[in-house]
Amino acid sequence: MDEQALLGLNPNADSDFRQRALAYFEQLKISPDAWQVCAEALAQRTYSDDHVKFFCFQVLEHQVKYKYSELTTVQQQLIRETLISWLQAQMLNPQPEKTFIRNKAAQVFALLFVTEYLTKWPKFFFDILSVVDLNPRGVDLYLRILMAIDSELVDRDVVHTSEEARRNTLIKDTMREQCIPNLVESWYQILQNYQYTNSEVTCQCLEVVGAYVSWIDLSLIANDRFINMLLGHMSIEVLREEACDCLFEVVNKGMDPVDKMKLVESLCQVLQSAGFFSIDQEEDVDFLARFSKLVNGMGQSLIVSWSKLIKNGDIKNAQEALQAIETKVALMLQLLIHEDDDISSNIIGFCYDYLHILKQLTVLSDQQKANVEAIMLAVMKKLTYDEEYNFENEGEDEAMFVEYRKQLKLLLDRLAQVSPELLLASVRRVFSSTLQNWQTTRFMEVEVAIRLLYMLAEALPVSHGAHFSGDVSKASALQDMMRTLVTSGVSSYQHTSVTLEFFETVVRYEKFFTVEPQHIPCVLMAFLDHRGLRHSSAKVRSRTAYLFSRFVKSLNKQMNPFIEDILNRIQDLLELSPPENGHQSLLSSDDQLFIYETAGVLIVNSEYPAERKQALMRNLLTPLMEKFKILLEKLMLAQDEERQASLADCLNHAVGFASRTSKAFSNKQTVKQCGCSEVYLDCLQTFLPALSCPLQKDILRSGVRTFLHRMIICLEEEVLPFIPSASEHMLKDCEAKDLQEFIPLINQITAKFKIQVSPFLQQMFMPLLHAIFEVLLRPAEENDQSAALEKQMLRRSYFAFLQTVTGSGMSEVIANQGAENVERVLVTVIQGAVEYPDPIAQKTCFIILSKLVELWGGKDGPVGFADFVYKHIVPACFLAPLKQTFDLADAQTVLYLLIFRAQNVFSIFNKNTCPPCK
């Protein structure tokens, strides 16, 4: 072997040596006999360096995985002998191999097993066991090999072909017939021999049993001698976590419902008598998390048995199963309420399924009602934040608690299905008592009280948020709680979690304010002052900006008395902050978008006359326009690239803010009806000069283009005079991305205004196409995937443009470009239909061709089109499916569409050109 190259395997080697080692590995992989050198090195223990040994196993692994069928029988025998020799050597080594080498060796053994077990090596396990016997190092490797084999055969995370899946099924069937009882016996012997002397090997063996029990005969494990041993391990501190997991896999195994019930009950009796149900006396939270998972598995198994027995009509045994479930509820509650969230989380499945059973029962016993209330109280308690939660810098622990809260919410929803009245009464009791003394109550208790009210909105669902009508008792309770929330002053609580929960709840129950509108002013003030948009926390300000927008939109009819006051109070929040003023804005630009939209909604939905709306909208947008002009001048003079970028960002924000205000308009309240056309036309005249700025073109064009999209919708034909000039600027110095984003704008104009924009389209048609063709013809690196994708997307956009033009009844735009240009366009469409391996573009091209045949197929079509149909379009319908790149399995290639087009071409063309038969 290349000793110099092997030096690069050391993690501390420099990059040149590492590159050389990598190249050497690739060289050995393709060499027909280099693997033999590695096999010999392993068998004869030539190298002591761990990384070289690992490297040799990697080469063998590649050989077995990808090239084994190419080897001769003698070579295959050599690999088997090499592995057995290496295994034998491990029994004699003074020190065991490193863990990563043992794991890699186990993977190679497993690969060889799945390849040869059914054909050439049926005695695989017997050969392995004869070598390792009960030698602890040998047993360690034997167990690692078993886990690697289970991973190859069963692991659902490993993607297998259908052929591999069939092979794996056959291997498992053969193993069950030939060797599983012997393997199980070997596990028992290992556990018995090492349970007190070698905890590592014993835990490995328990992991193997847990893995294999899912697909072997359960009676081999679920018997007195095995279960008693596993229960014994539950009392040995270093073994009990693995024993718990192993027992979980046993109870999780599918089996007859009555047998499962008996198995679970017998396990529970032994565990209870051994004191495991006394949760309060156990301090090891890691063990309790595993034990909670086991109890969860036992509980859910009993529930599955109950469901099956009910379905089968076996009422007697179903009643026994239900009784068995009920006896576990006290333990379930102890685990659910445990202060460690992992322990609590592991039992939620049992709890959820138990509530599902209660939901199905017609009458609940007093004990069952007490259980429901206990679960409810446990959920309320566990929803509470702890002192350590970091609200300002949320990390992994905080993310885990958020996920845990989501699980608890599902429990709360299920509780509402079982007993909505009890849930409502419990939440009301907690909410009222907490908010009565919120000033002296810890933040987490105040937050969870409001959170519970918030969660009731989904737990007690109604249509369109109508919580305050219908059921009088429910509406009255919710109304009382909301009244308490908005009048108690709790919005002033000095903790971000309480503040946010207040605003979230106010917006969730916005219909309350249509019932009691007198509370709107105090809530608006909370949004607008230091409690909301001017809060010291950026997180609160940001979320409040969004919630304020939602609040105003949902209550726009009730906002009229407060409009001008709100607009005055948010004036400072609307200011555009240029980069040079050094002032840190209260809101980010994204947050300001919501404030501008809110201002637009207030103005547009007001009951003011059009003149007043126009004046208010002008007051809102004029500062933006003025600041835009100043910043654009500064950008034109800026020399520093970083300053240019920050100025362009600010200009883009200004355009975005103006654009966002236009979202307030609708079919019922148009720009014209509100008298605001002139204001937005002024904005257009202000923003369009940015298109001629030679600096930061991408960001400036993007912003103005987005504004034009909005104005086409809002201003309709009033925008048309601005389009030619804007288009001319946007077509200068184009890149693929610029054109991709410009074409949808032209498509929007074409589809909306059709014949009105025909002169403009005819004028800009060829300049646009020349820009597209110029970009598509630019040379690019052969392996530049990014450039290839950009060109593909631009090509799609080009065809989409042609489809829009033809589909809008404006084919004369193409026809009037001159015969040579028309033919060039048609040829590109044929190329798109036949030559490019892009199903989406192909479909678009055939739609274009079909439309053109329909429109031009008669005597009035362009000169030469008839010849083009027969020479190009008809053959394209048949050539496209014959291309290797044409994927008939892909729905996008629309084979049926293509066949239809071929028939359609003939029928339409003949109808338009042939005289009727007599």
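Residues numbered from 1 in each chain as written. Predicted model: local features only at pLDDT ≥ 70, side-chain atom pairs only at ≥ 80, totals over all residues. Heavy atoms only, no water.

The protein goes by Exportin-T in an unreviewed UniProt entry, where it is assigned to Macaca fascicularis. The Subunit (unreviewed entry) field of the UniProt record for the protein holds the comment "Found in a complex with XPOT, Ran and tRNA. Probably found in a complex with nucleoporins. Interacts with Ran and tRNA in a GTP-dependent manner." Regarding the protein, the relevant UniProt record gives this comment under Sequence similarities (unreviewed entry): "Belongs to the exportin family." (UniProt positions renumbered as here; feature names shortened; annotations may be inferred.)

A.B. asks: I'd like to hear about the side chain of His495, residue by residue, with values.
C.D. replies: In this fold, His495 is placed in the loop between helix H24 (472–487) and helix H25 (496–508). Filtering out sequence-adjacent residues up to four positions away, His495 remains in contact with Phe391 and Phe443. (Helix = DSSP H or I, 4+ residues; strand = E, 2+ residues; numbered from the N terminus. Contact = heavy atoms within 4.5 Å.)

A.B. asks: Give a description of the pattern of salt bridges that names residues and reports values.
C.D. replies: A complete count under the given rule lists 47 salt bridges for this structure. With its nearest N and O atoms 3.5 Å apart, the salt bridge here joins Glu394 to Lys539. Placement of Glu394 in the loop between helix H20 (366–382) and helix H21 (396–418) and of Lys539 in helix H28 (residues 538–554) is noted, with a sequence separation of 145 residues between them. Judged by relative accessible area, Lys539 falls into the partly exposed class, the value being 36%. Note that Arg451 and Glu501 form a salt bridge whose closest N and O atoms lie 3.4 Å from each other. Remark: Glu501 occurs in helix H25 and Arg451 occurs in helix H23 (residues 443–459); sequence separation between them is 50 residues. With relative accessibility at 23%, the residue Arg451 sits in the partly exposed group. The exposure class of Glu501 is buried, given its relative accessible area of 6%. Counted as one network, the salt bridges with shared partners bring together Asp50, Lys53, Glu97 and Lys98. (Salt bridge = Lys/Arg side-chain N within 4 Å of Asp/Glu carboxyl O. Buried < 20%, exposed > 50% of the residue type's maximum accessible area, 1.4 Å probe, protein only.)

A.B. asks: Before we move on, can you summarise the packing of helix H30 (residues 589–604) against helix H31 (residues 610–637) with the specific residues and values?
C.D. replies: Between H30 and H31, whose axes approach to 9 Å, the crossing angle comes to 160 degrees. Our classification of the angle between H30 and H31 gives roughly antiparallel. By crossing handedness, the relation of H30 to H31 is classed as left-handed. On H31, the residues touching Tyr596, Ala599, Gly600, Ile603 and Val604 of H30 are Lys613, Leu616, Met617, Leu620 and Leu624. Here the residues of the contact of H30 with H31 sort into eight nonpolar, one polar and one charged. (Axes fitted to C-alpha atoms, helices over the stretch in contact; angles between N-to-C directions. Parallel < 35°, antiparallel > 145°, perpendicular 65-115°, else oblique. Left-handed = near helix turned anticlockwise from the far one by under 90°. Nonpolar A, V, L, I, M, F, W, Y, C, P; charged D, E, K, R; others polar.)

A.B. asks: Mind laying out the packing of aromatic side chains, listing which residues take part and the relevant values?
C.D. replies: Under the counting rule described, the total for this entry stands at 40 aromatic pairs. Here the aromatic residues Phe468, Phe502, Phe503, Tyr509, Phe512, Phe513, Phe527, Phe548 and Phe551 are joined through ring pairs into a cluster of three or more. Just above the ring of Phe287 sits the side chain of Arg240; from NZ or CZ to the centre is 4.0 Å. For the cation-ring pair, Lys293 lies above Phe248, with the distance from its terminal atom to the ring centre recorded as 4.7 Å. (Phe/Tyr/Trp six-rings, centres within 6.5 Å; stacked < 30°, edge-to-face > 60°. Lys NZ or Arg CZ within 6 Å of the ring centre and 35° of its normal.)

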